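Coordinate inspection notes
Below are the chains, spelled out letter by letter.
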Amino acid sequence: MAYTDKVIDHFENPRNMGSLDKNSDDVGTGIVGAPECGDVMKLQIQVEGEKIVDAKFKTFGCGSAIASSSLATEWLKGMTLTEANDLKNTAIVEELSLPPVKIHCSVLAEEAIKSAIEDFQSKKKQD
Amino acid sequence: MQTPDMQGEIVTSTSTEGTPSTAATARVVYLDNYSTTRTDPRVVEAMLPYFSEEYGNAHSRSHPYGWGAENGVDTAREQVAALIGCKAGEIIFTSGGTESCNLAVKGVAAMYAEKGKHIVTSAIEHRAVMDPIRSLERNGYEASYIPVDQTGIVDHEAFVASLRDDTILVSMIFGNNEVGTIQDVAKMGAVCKERGIIFHVDACTGLDTETLDVDAAGIDILSISGHKIYGPKGVGALYVRRRRPRVRLTPLLDGGGQERGMRHGTLNVPGIVGLGKAAELCVEQRDAERARLTALRDKMFAAFEALEEVYLNGHPTQRLPGALNVSFNFVEGESLMMGMKGICVSSGSACTSATLEPSHVMRALGVGEDLVHTSIRFSLGRFTTEDDVDEAIARCSDSALKLRDMSPLWEMFKEGIDLNAIEWKHD
């Protein structure tokens with residue numbers, strides 16, 4: 001399968017790969033996918049006020065899945081939570097020129113973002 | 001590096017002539033020999049005269065062009081027969097492994113339908129056997145798929161128990177193309193002989209290194225593929241037993257009466273000559289190649305095993321020498337292939353297949369879905385050198401370590417989290 005240059009670039013030079021402290025109140029963690037499906041994405045955001053100041057990912061999956069999550073973290077930094085919640089998988093598909101069989105990778109990234117925001121907000125509610 | 005005693009002056013294996021090159025920095029290493037092999041240059045040389053000099057139809061009996069082509073075909077028939085210990089008159093030439101397997105399965109089913117409509121096979125057949133049997137099932141035949149253990153060996157008791165009075169065919173893969181496990185076909189052949197059931201063996205993968213004798217193993221029909229044994233693509237052979245018992249097959253195509261009426265159509269003379277030469281070279285080299293490839297393959301696995309959480313798929317020893325199917329736990333197979341740029345391999349990961357379905361073979365072995373997604377098949381062959389293997393070890397290990405760093409599953413595993421206890425959100 002031929003990959004686009006952008007996918008290869010994110011795969012070879014992943015942005016924001018790593019982990020934030022999942023126990024911190026300022027950090028929201030989203031883990032989506034399943035090992036038996038061949039895709040697991042962990043996406044974390046660090047929030048100050050309404051703003052995402054940092055984002056990290058770790059992904060088990062194909063090159064497109066890695067690239068989708070890497071790109072997502074790049075975009076998330078500096079966004080407000082509302083803006084992040086509005087991020088659509090189709091924007092990722094377009095930016096990386098993902099073929100139809102790889103669209104689920106971008107869907108997973110969108111789900112991971114929403115799941116991380118949810119986690120952050122549920123922590124805030126408990127305070 | 002040279003591979004001694006094999007190519008003579010013709011080939012040095014690191015020659016990259018005709019090999020597609022990617023980045024200037026990364027040498028391309030071909031370790032996908034169970035997908036297809038490079039046509040041996042000695043095979044190409046043998047074929048060349050049959051394109052533009054001896055270009056006759058092997059069935060033209062009235063002029064020298066026909067006789068020349070016929071001579072080429074006759075020699076090839078002898079060479080292929082010598083590979084499996086049969087008579088030249090028992091070899092039929094086809095367009096490849098898929099046609100051979102289809103002709104065997106459907107040809108027996110149609111010819112012996114009055115005797116019965118039950119077929120026995122394994123759960124780990126190549127689709128060239130599995131799909132024709134499935135097609136027969138849709139047309140009134142019944143099939144039993146014998147399970148295998150976790151190393152890929154067919155359950156012999158279940159096999160014997162599955163045979164019925166109306167069983168007309170047993171079709172069994174010899175060396176499995178995905179994991180390399182070799183079946184004890186002689187043991188099954190003996191049972192078939194005793195019960196008077198026709199025994200077809202799909203030997204498309206493995207005859208370049210393994211010795212298989214159709215009489216000793218009680219085989220009635222055997223499929224051979226050209227391009228899996230360093231011959232050309234688009235040509236194959238089928239052994240069809242002539243005596244004790246005389247096996248007959250209903251042809252797939254109707255036509256000019258060639259190949260004892262079982263495979264009509266003008267013979268692919270250059271391809272057949274190439275297959276013959278390929279078979280001859282296999283006989284010459286199989287024992288030495290078996291030893292050489294086993295050592296290279298084991299060296300590779302030993303290096304991978306030094307990483308944690310690496311598992312071999314297939315039988316530890318009763319396995320084709322070129323086969324190394326490995327699961328690198330917590331690293332998805334397609335990304336691993338992408339990471340070890342320039343190392344040409346296959347993956348059991350669903351992501352790489354057209355259907356997005358994980359392999360039925362891995363499933364039959366009971367390899368967990370999570371591990372199937374992390375599997376890579378390396379398949380070594382005649383032109384694989386030790387340098388190739390070292391290069392693959394280095395690039396694959398490096399890539400696996402980098403991807404584990406990136407893997408949330410590896411992180412959880414290292415934190416002592418039980419991944420099976422997690423409720424995953426399926427998409």
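Residue positions within a chain follow its written sequence, with the count starting from 1. For this description, chains carry letters from A and ligands carry numbers from 1, given in the order in which they are written. For this predicted model, a pLDDT threshold of at least 70 governs which residues receive local features, and a threshold of 80 or more governs which side-chain atom pairs are given and counted, while totals over whole chains, interfaces and linings are taken from all residues. With hydrogens and water stripped out, all remaining heavy atoms of the structure feed into the side-chain values.

A closer look at the interface of chain A and chain B
- A contact between two residues is defined here by any heavy atoms of the two lying within 4.5 Å. Listed by partner, the interface residues are 32 residues for chain A and 26 residues for chain B.
- Overall, the association of chain A and chain B removes approximately 2,600 Å² of surface from exposure, summing both partners, and the carbon and sulfur fraction of that is 65%.
- A simple way to read buried area is as the amount of 1.4 Å-probe accessible surface that goes missing from two parts once joined, with both sides added. Ranking the residues of chain A by area buried against chain B places Phe11, Glu36 and Phe60 of chain A at the top, with a combined share of 23%.
- By definition here, a salt bridge exists when the distance from a side-chain nitrogen of Lys or Arg to a carboxyl oxygen of Asp or Glu is within 4 Å. In this assembly, chain A and chain B are joined by 5 salt bridges.
- Notably, a salt bridge pairs Lys341 of chain B with Glu12 of chain A, separated by 3.1 Å at the nearest N-O pair.
- N or O atoms closer than or at 3.5 Å make up a polar contact, with two conditions inside protein: a donor-capable atom paired with an acceptor-capable one, and, for residues adjacent in sequence, both atoms drawn from side chains. Between the two partners, chain A and chain B, sit 12 residue pairs in polar contact (both at pLDDT 80 or more).
- The secondary structure listing takes helices from DSSP runs of H or I that are at least 4 residues long and strands from runs of E that are at least 2 residues long, numbered from the N terminus. Among the secondary structure elements, those contributing two or more residues to the side of chain A that touches chain B are helix 1 (5-12), strand 1 (27-34), strand 2 (39-48), strand 3 (51-60), helix 2 (63-76) and helix 5 (103-126) of chain A.

Here's the deal with the domain arrangement of chain B
Residue and element names in this part refer to chain B.
- The domains assigned to chain B are domain 1 (2-38 + 286-421) and domain 2 (42-282).
- Using C-alpha coordinates to define each centre, domain 1 is positioned 29 Å away from domain 2.
- Domain 1 puts 34 residues into the contact, and the matching count from domain 2 is 38 residues.
- Roughly 3,000 Å² is buried in total at the junction of domain 1 and domain 2, and carbon and sulfur atoms are behind 53% of that figure.
- Considering only the side of domain 1, the residues that lose the most area to domain 2 are Arg286, Leu320 and Arg382, jointly responsible for 26% of the buried surface there.
- Taken together, the links from domain 1 to domain 2 amount to 1 salt bridge.
- The partner of Arg290 in a salt bridge is Glu210, and the shortest N-O contact between them spans 3.1 Å. Annotation comment: domain bounds sourced from an automatic or database domain assignment.

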